[in-house]
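Architecture at a glance
Chain residues, written in single-letter form:
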Amino acid sequence: MRQFSTFSPIPLFILIISMLPAAAQYAPVVHDPTRGLLHEGQALPAEEKWSVTGPVAPNIGLVEVRVYEDAAMKHAFATGRWERSTWSSAVNYNIPMERLLRGNAQYTIDIGFYEAISDDDVEAVAARLEAYLHAYLDEHVEFSSNRTRTQKPVRQMLQEMDLIVEKGLGEYRNRLGKPFPGFSQLVEDQLSGLNDTRLSAARFNIKRKKDETERDSRITYARQRLTSMKDLVDSEVRMHLARETMVLRERVVFADQATERTMNTLAVNLGYGGIYNSGSTDDLSYGQAAYAGLSFPLGNRAFASRFMSNSSLSAGVFLQNTVDENDLEVTGPLVGRPLYLAYGYRLFRMVRLNAGYTLLQKESPQPDGGTRSTIYGSPFIGVSLELNLWLGFGK
């Protein structure tokens, strides 16, 4: 009589549920401003989700974290921000950082605290930016006797004007978290028009005063075009500043923060495979033997795609010689065993499918009674177990 064991899914379900919160957690990195410490001076979490948290003053409406891979702080590796909502009275901020940190590395952590500014302060910022932009336009738009012209290409002038705004707002943020998008196509069109405006059109566009010469009339027309251009630039700057604007009140930089030392492993493959000899499906001839080798992953699971992290290149040796379709022994050069180089893909946690090429050698009998040594290549496939050997200390 067959006997069946009963299985209840409840314990397994409880185990899965208990594991879900752990998978969603972020490793907290605590900023302690009173002691000037980040993460208690310990190494930052590596290759796992992490967050920055710490106390925040009531007047602070925005906290921004920037992570740099170098002390020069030119290009942010990762950014995160916390915003105080209208009804929030939070005394702590928490910023999840989606980009993972690499192990055995160093990063610079920049934490900025921003406070909302008044309408009068916003007006002062706008006026300062407008003064810079007006001076730039006055310097780079020239009037000749019959036309206006820009001293630089229009595209370059737009880029430099965008840069003036970006630099001027370097210590400011808005609640929507959007940087200045750059001046619009309408601004570019008007700037292009200034670069190709013939002042002879003045007699059709403005009415000359009695005591005004034709040259004066042309200059008046040119200045009207430039003023219209400035008004458009001003309106786009003020449109950007219309969002709630905040200014940097405090900044803390932690340079050269080390991350945790991640374990170094050596992946050893132990498997069994078949080496192609000859023939097709109906009369296939192949040799088979166990093999062993080393695997070199093509991607880190924490950073690479699933396909790349499951892929590897393997190299090694078959542990036994095989025979070909004529029952001749097949060996390999150098070590007297077949050598192989293969691409491997992880099917399960420790099981890897390998497909590649082998380097073989065999002695073929000759009519004169001697033998001839031949070195050649042949494809193979195999399945292996992958064992990770630790070469250092893990986390």
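For the structure given in this document, a descriptive report is provided here.

Right, let's get into the sheet that holds strand 1 (residues 27-32). Strand order across the open sheet formed by four strands is 2-1-3-6, with mixed pairing between neighbours. The strands lining the two open edges of the sheet, one partner per strand, are strand 2 (37-38) and strand 6 (92-97). Sheet analysis places strand 1 next to strand 3 (residues 50-55), joined by four bridges and oriented parallel. Looking at strand 3, one finds that alanine 27 is bridged to tryptophan 50.

Below, the discussion takes up the pairing of strand 18 (residues 339-346). Across a regular strand the side chains alternate sides, sitting on one face of the sheet and then on the other. Direction of pairing for strand 15 (residues 311-318) relative to strand 18: antiparallel, over a ladder of seven bridges. Residue pairing in the sheet places glycine 316 in a bridge with tyrosine 340 of strand 18. Here strand 18 pairs with strand 19 (residues 351-365) via eight bridges, running antiparallel. Following the sheet pairing, arginine 346 is matched in strand 19 by arginine 352.

Next up on the list: the side chain of serine 364. As for its position among the elements, serine 364 is in strand 19. Those residues in contact with serine 364 that lie beyond four places of it in its chain are Leu328, Gly370, Thr371 and Arg372.

Turning to the environment of arginine 238, a few remarks are in order. By secondary structure assignment, the location of arginine 238 is in helix 6 (residues 214-241). Residue class for arginine 238 comes out partly exposed when judged on its relative accessible area of 32%. Taking the C-alpha atoms as reference points, arginine 238 and alanine 127, 111 residues apart in sequence, are found 9.3 Å from one another.

The next point concerns the pattern of salt bridges. Throughout the structure, instances matching the rule amount to 16 salt bridges. For arginine 35, the salt bridge is made with glutamate 40, and the minimal N-O distance between the two is 2.5 Å. Through salt bridges that share partners, Asp32, Arg35 and Glu40 make up one connected network.

Quick notes on the rules
Residues numbered from 1 in each chain as written. Predicted model: local features only at pLDDT ≥ 70, side-chain atom pairs only at ≥ 80, totals over all residues. Heavy atoms only, no water. Pairing = 2+ DSSP bridges. Helix = DSSP H or I, 4+ residues; strand = E, 2+ residues; numbered from the N terminus. Contact = heavy atoms within 4.5 Å. Buried < 20%, exposed > 50% of the residue type's maximum accessible area, 1.4 Å probe, protein only. Salt bridge = Lys/Arg side-chain N within 4 Å of Asp/Glu carboxyl O.

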